[in-house]
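Listed below, chain by chain, are the residues.
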Amino acid sequence: MMTSDDEHPIELDNSTPSSKDGGAVEGEVVASGAESGGEATEKSAGIKATLKSLWRDRVIRFSCLALICSLTFGSYYCYDIPGALTQPVLQDWFDITPVQYELFYSLYAWPNTVLAFCGGYLVDRVFGIRLGSFVFAGTVLIGQLFFALGTDWRWYYLACAGRFIYGLGGECISVCQSTFTSLWFRGRELSLAFAIALSFARLGSAVNFMITPRLQNAFGTDIATWFGFVVCFISIGGSLLLWLADKKAQQTGFRASVASKEAKPSFRDILQFPVALYGLIAIVVGYYVSVFIWITIGSAAYMDKYGMTDTEAGDYIGIPYLVSACAAPVLGLVVDIVGFNLSWILGACILQVLTHLVMALSTDNCPPLVPMLMMGFSYSALAASLWPCVALLVPKSLTATAFGLSYSIQNIGLAIFPLIIGAVLEATNDDYALTSYIFAICAGVAALFAIALMIHNFYTKGLINSSRKVMQLRLKKREEAQAPLVEENSLSLPDVPHPPSKFQIKMKALRLWCHC
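Remember, predicted model here, so these are calculated numbers, not experimental data.

Rules used in this analysis
Residues numbered from 1 in each chain as written. Predicted model: local features only at pLDDT ≥ 70, side-chain atom pairs only at ≥ 80, totals over all residues. Heavy atoms only, no water. Helix = DSSP H or I, 4+ residues; strand = E, 2+ residues; numbered from the N terminus. Buried < 20%, exposed > 50% of the residue type's maximum accessible area, 1.4 Å probe, protein only. Contact = heavy atoms within 4.5 Å. Areas by Shrake-Rupley, 256 points an atom, 1.4 Å probe, with all protein chains shown as cover. 1 Å grid on protein atoms, 1.4 Å probe; cavity = no way out; pocket = protein on both sides within 12 Å on 5 of 7 lines; lining within 4 Å. Points joined across faces, edges and corners; volume = space filled by probe spheres on them. Nonpolar A, V, L, I, M, F, W, Y, C, P; charged D, E, K, R; others polar. Axes fitted to C-alpha atoms, helices over the stretch in contact; angles between N-to-C directions. Parallel < 35°, antiparallel > 145°, perpendicular 65-115°, else oblique. Left-handed = near helix turned anticlockwise from the far one by under 90°. Phe/Tyr/Trp six-rings, centres within 6.5 Å; stacked < 30°, edge-to-face > 60°. Lys NZ or Arg CZ within 6 Å of the ring centre and 35° of its normal. Polar contact = N/O pair within 3.5 Å; in protein donor to acceptor, adjacent residues only side chain to side chain. Core = buried A, V, L, I, M, F, W, Y, C linked by side-chain atoms within 4.5 Å. Salt bridge = Lys/Arg side-chain N within 4 Å of Asp/Glu carboxyl O.

## Thoughts on the overall build of the chain
- Summing up its helical and strand segments, the chain has 20 helices and zero strands in all.
- Scored against the burial criterion, the 516 residues of the chain give a buried share of 50%.
- If you take every contact in the chain between residues at least 6 apart in sequence, the share linking residues at least 24 apart comes to 83%.
- For the chain, the accessible surface area stands at approximately 23,800 Å², while carbon and sulfur atoms represent 68% of it.

Now the structure itself:
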């Protein structure tokens, strides 16, 4: 009896805790299921928030890119107005020689052999990117005003003065555009952004070649130049809207301020630019001479070879710009995904050599569309691959200075070669085939520099001819290696106050006003 009574409570006690443990286990299962479900919901919400943030970030950046594109539309439209009006027409209008006609382009390029570099330095150190864009867009507007007045009054030297003033801002506004693009897209879709910006700018030249001859035939040469003055207001409006958008983005932290993290540039920094940058500049000079100087005489060459009218020739000469407007963004996206920028540059240079050989060796039986399409794809590949390399080779604080240096040296070639080509045409009685051989040699020299840079990049393990993944890793390591050095130097240098000069006080007041 005692044994059975003792066993009975024990059995009851054993059953009771077992039921409690089962309930606890069930509760833990339910709680863990709820927690896992909550974690899954939070994870899903986090993914949606991240995707929404990335989409918003991309919409803002590409909306700003549309304003960046407008900066140079007016400048590029006006640049090729003499070419669209054609050399024979302007020679008769002003009663000038071929060399004097080419002076319209040389007067644009000569001041920019220095001013594009100085403009980039002023943007980095004095004006800032926003005020600089507005000032240089205004300079382009004033220059086109004087050129239109000179054409209207048939006063050649006033028209030359207008081209000179226009040149003071033409390349500097391109420096501002390239700097804006690199600041907004550095480390992201940089090649795509550069391709879109440059192709849209060249679209201005294409529109010029289509509209200017028709305006000339319908209303006269003077009205065609005045329309270019009106187009310049697109750049003025774009610079003002971009000023507001960029200022808002910097205030909200969407685009970080460069000046707060990196030291102001000095001329000593410029002397330390990498050798690869000067190699890229040499490619720019050789290649751009073979494109833009040829376009200045392209309408006359097609009229001579194919017996076209000025309107028909203008339509064909605008094709490379139209092709680049469509193909450059696509190639920019491909370059962003694949990488190997120097390989694309080399391919563009080789295709440009073939383009000029086709124009020199072919007869009038060759379709005039073929070389224009070749030139368009060649220019698209170069625009999508070369200019992003400049932004990758220098620190952010020296971006505008590097672009200014590139444009300055580029304009040395664009200033000299129009006079050379004009003298060749004058001496050979308009032998356009000979000029095509000259341009093919220029593009061939650019190809040789591209090969040399590929060898240099291979041995130095550089950024500009590697895959996208390797490029991002090397760029990240370089920025991490440079960051401690900047902090160390900033702490080690003694803070010795110097009284500011009157010029520095005025510039500081100007900068404060711009950031208000």
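Structure's up, so let's keep going.
## Looking at unusual backbone geometry
- Notably, Asp95 is not glycine yet its phi reads approximately 60°, a positive angle.
- Residue placement: Asp95 occurs in the loop between α4 (87-94) and α5 (98-127).
- Even without being glycine, Arg154 reaches a positive phi, approximately 55°.

## Thoughts on empty space enclosed by the protein
- Taken as a whole and assessed by the stated rule, the structure comprises three cavities of 30 Å³ or more.
- In this structure, the largest cavity spans a volume of roughly 80 Å³.
- Surrounding the largest cavity, Ser75, Tyr76, Tyr79, Tyr108, Tyr166, Gly170, Glu171, Ser174, Arg202, Phe292, Gln410 and Leu414 form its lining.
- For the lining of the largest cavity, the secondary-structure elements that each account for two or more residues are α2 (73-79), α7 (156-185) and α17 (399-428).
- Ranked by the residues each element gives to the lining of the largest cavity, the list is headed by α7, at four residues.
- When grouped by side-chain class, the residues that make up the lining of the largest cavity number six nonpolar, four polar and two charged.
- The space that makes up the second largest cavity amounts to roughly 40 Å³.

## Observations concerning the packing of helix α11 (residues 275-306) against helix α12 (residues 310-317)
- Contact geometry for α11 and α12: axes closest at 8 Å, N-to-C directions at 135°. The angle between α11 and α12 falls in the class oblique. For the pair α11 and α12, the crossing hand works out as right-handed. Along the contact surface, α11 presents Trp294, Ile295, Gly298, Ser299, Tyr302 and Met303, while α12 presents Asp310, Ala313, Gly314, Tyr316 and Ile317.
- Split by residue class, the contact of α11 with α12 holds seven nonpolar, three polar and one charged.

## Describing the packing of aromatic side chains
- As enumerated under the stated definition, the model contains 29 aromatic pairs in all.
- These aromatic residues form a ring-pair network of at least three members: Tyr79, Phe94, Tyr101, Phe104, Tyr105, Tyr108, Phe147, Tyr156, Tyr157 and Tyr166.
- Its end group placed over the ring of Tyr105, Arg163 keeps NZ or CZ at 5.4 Å from the ring centre.

## Structural notes on the environment of Cys118
- Secondary-structure assignment places Cys118 in helix α5.
- Residue classification places Cys118 among the partly exposed positions, given a relative accessible area of 31%.

## A closer look at the packing of α11 against α17
- Look at α11 against α17: their axes get within 8 Å of each other, and the N-to-C directions meet at 40°. One element, α11, and the other, α17, form an angle in the oblique class. For the pair α11 and α17, the sense of crossing is right-handed. Between α11 and α17, the residues in contact are Leu277, Tyr278, Ile281, Val284, Val285, Tyr288, Val289, Ile293 and Ile297 and Ala402, Leu405, Ser406, Ile409, Gln410, Gly413, Leu414, Phe417, Pro418, Ile421 and Leu425, respectively.
- Residues belonging to the contact of α11 with α17 are distributed by class as follows: 17 nonpolar, three polar and no charged.

## Describing the side chain of Asp80
- Residue placement: Asp80 occurs in the loop between α2 and α3 (81-85).
- Note on Asp80: relative accessible area 0%, which makes it buried.
- Side chain to side chain, Asp80 and Ser205 meet in a polar contact 3.4 Å long.

## Comments concerning the nonpolar core
- Phe104, Leu280, Ile283, Trp294, Ile345, Leu382 and Trp387 are the most contacted members of the largest nonpolar core, which has 132 residues in total.
- The biggest single contributor to this core is α11, with 19 residues.
- When neighbours within four sequence positions are excluded, Ile345 is seen to be in contact with Leu280, Ile283, Leu382, Ser385, Leu386 and Ala450.

## Examining the pattern of salt bridges
- The tally for this structure, following the rule as stated, stands at two salt bridges.
- Between Arg130 and Asp246 there is a salt bridge, with the nearest N and O atoms lying 2.7 Å from each other. Pair noted here: Arg130 is in helix α6 (residues 129-152) and Asp246 is in helix α9 (residues 221-251), with a separation of 116 residues, a long-range link.
- The partner of Arg214 in a salt bridge is Asp315, with the nearest N and O atoms 3.1 Å apart. Here Asp315 lies in helix α12 and Arg214 lies in helix α8 (residues 190-219), a separation of 101 residues in the sequence.
- Assessed through its relative accessible area of 41%, Arg214 is described here as partly exposed.

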